[in-house]
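Spelled out from the first residue to the last, the chains are:
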Amino acid sequence: ETGVTQTPRHLVMGMTNKKSLKCEQHLGHNAMYWYKQSAKKPLELMFVYSLEERVENNSVPSRFSPECPNSSHLFLHLHTLQPEDSALYLCASSQDEGGVTEAFFGQGTRLTVV
Amino acid sequence: QKEVEQNSGPLSVPEGAIASLNCTYSDRGSQSFFWYRQYSGKSPELIMFIYSNGDKEDGRFTAQLNKASQYVSLLIRDSQPSDSATYLCAVNDRGGSTLGRLYFGRGTQLTVWP
């Protein structure tokens, strides 16, 4: 496999459920990100990890809990979400040293909270 | 608060015409600039990046950057129906060997009609 892969592609969960989103990158990058994309709003950066260490948390509610066990894997643990959390959640990775620091995105998880 | 502004569109052009997409940004410290294309239901994919003032051409695409005016644009020559998508402008407040913290605009929806 190549690139950035996310699972599941679609998820429907109740407000009392606990679920996790998974992201895996095969690009040898050192940085990984979670973004949220809601209708009519810009992509919002949620979390940044560099070499498995969280370096940024953009005031994200605690019901979203990221985990980065190694530089290739990133999880987003979800619990007691609200309907307004329904969105497309995108994982991305980038090379964090030198060169062009563009982000490569996964296909996203379409989350619906009911 | 770093802001990236784009006309939401929709922008509609005939096949073969030049499509012009514009973006302004608020942070004068911004150093690298990206254009992503996002088809409906898909994740963003990078099509151009630019760091220096002036024009950068890649095939049918030309990115233009004017840091003094805090303005970046994307021109698509010989537009094709397959170019129909939402184009996202993204700005990184650091360049070179740092993390890709991207700030996105809301995107401009482009439709190329045959």
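For the structure itself, consult the block above.
Values in this document were obtained by computation on a predicted structure and should not be read as measured data.

(A) A look at the state of the cysteines. Counted by the stated rule, this structure contains 2 disulfides over all chains. Disulfide pairing is shown between C23 of chain B and C89 of chain B; the S-S distance is 2.0 Å. On the sign convention where negative is left-handed, the bridge of C23 of chain B and C89 of chain B, at about -75° about the S-S bond, is left-handed. Taken together, the positions of C23 of chain B in strand β3 (residues 19–25) and C89 of chain B in strand β9 (residues 85–92) put the pair 66 residues apart, joining distant regions of the chain. By relative accessible area, C23 of chain B is classed as buried at 1%. Here C68 of chain A is not cross-linked by a disulfide; its sulfur's nearest cysteine counterpart is in C91 of chain A, at 9.0 Å.

(B) Local environment of the nonpolar core. With 23 residues, the main nonpolar core has F33, W35, V72, L74, I76, Y87 and L110 of chain B as its most contacted residues. Of all the elements in the fold, those that place two or more residues in this core are β3, β4 (32–38), β5 (45–50), β7 (61–66), β8 (71–76), β9 and β11 (108–113) of chain B. The contact partners of L74 of chain B, leaving out residues within four places of it in the chain, are A19, S20, L21, W35, I47, M48, F61, T62, A63 and Y87 of chain B. Within the second largest apolar cluster, 22 residues are counted, among which are L11, M32, L74 and C91 of chain A.

(C) Up close: the sheet that holds β8 of chain B. Residue and element names in this part refer to chain B. Pairing in this open sheet of 5 strands is antiparallel, and the strands run β1-β3-β8-β7-β6 from one edge to the other. Looking at the sheet topology across the chains shown, the edges are occupied by β1 (4–6) and β6 (54–58). In this sheet, neighbouring strand axes are inclined to one another by 20° on average, regardless of whether the strands run parallel or antiparallel. Here β6 pairs with β7 via 5 bridges, running antiparallel.

(D) Geometry of the pattern of salt bridges. For the structure shown, the criterion picks out 5 salt bridges over all chains. The closest approach of N and O atoms between E44 of chain A and K41 of chain A, which form a salt bridge, is 3.5 Å. The partner of D83 of chain B in a salt bridge is R60 of chain B, and the shortest N-O contact between them spans 2.9 Å. In this pair, D83 of chain B is assigned in the loop between β8 and β9 and R60 of chain B in the loop between β6 and β7, connecting sequence segments 23 residues apart. On the basis of relative accessibility, which here comes to 1%, the residue D83 of chain B falls in the buried class.

(E) Representation of the sheet that holds strand β3 (residues 18–25) of chain A. All names here are of chain A. Read from one edge of the open sheet, 4 strands run β1-β3-β8-β7, paired in antiparallel fashion. Each edge of the open sheet carries a strand with a single partner, namely β1 (4–7) and β7 (64–70). Strand-to-strand twist of the sheet, defined as the mean angle between neighbouring strand axes without regard to direction, takes the value 20°. Of the pairings in the sheet, the one linking β1 to β3 comprises 4 bridges and is antiparallel in character. Paired with V4 across the strands is Q25, a residue of β3.

(F) Representation of the packing of aromatic side chains in the model. Summed over all chains, the structure comprises 9 aromatic pairs over all chains. A ring pair is formed by Y25 of chain B and F33 of chain B, whose centres lie 4.8 Å apart and whose planes are at 45°; its orientation type is tilted. Of the two residues examined, Y25 of chain B and F33 of chain B, each falls in the buried class. Within the aromatic cluster, the residues linked to one another by ring pairs are Y33, Y35 and F105 of chain A together with Y36 and F104 of chain B. Looking at K56 of chain B, its charged tip hangs above the ring of F49 of chain B, at a distance of 3.4 Å from the centre.

Analysis parameters
- Residues numbered from 1 in each chain as written.
- Chains lettered and ligands numbered in written order.
- Predicted model: local features only at pLDDT ≥ 70, side-chain atom pairs only at ≥ 80, totals over all residues.
- Heavy atoms only, no water.
- Disulfide = S-S within 2.5 Å.
- Helix = DSSP H or I, 4+ residues; strand = E, 2+ residues; numbered from the N terminus.
- Buried < 20%, exposed > 50% of the residue type's maximum accessible area, 1.4 Å probe, protein only.
- Core = buried A, V, L, I, M, F, W, Y, C linked by side-chain atoms within 4.5 Å.
- Contact = heavy atoms within 4.5 Å.
- Pairing = 2+ DSSP bridges.
- Axes fitted to C-alpha atoms, helices over the stretch in contact; angles between N-to-C directions.
- Salt bridge = Lys/Arg side-chain N within 4 Å of Asp/Glu carboxyl O.
- Phe/Tyr/Trp six-rings, centres within 6.5 Å; stacked < 30°, edge-to-face > 60°.
- Lys NZ or Arg CZ within 6 Å of the ring centre and 35° of its normal.

Interpretation note: all reported values are geometric properties and have no functional meaning in isolation.
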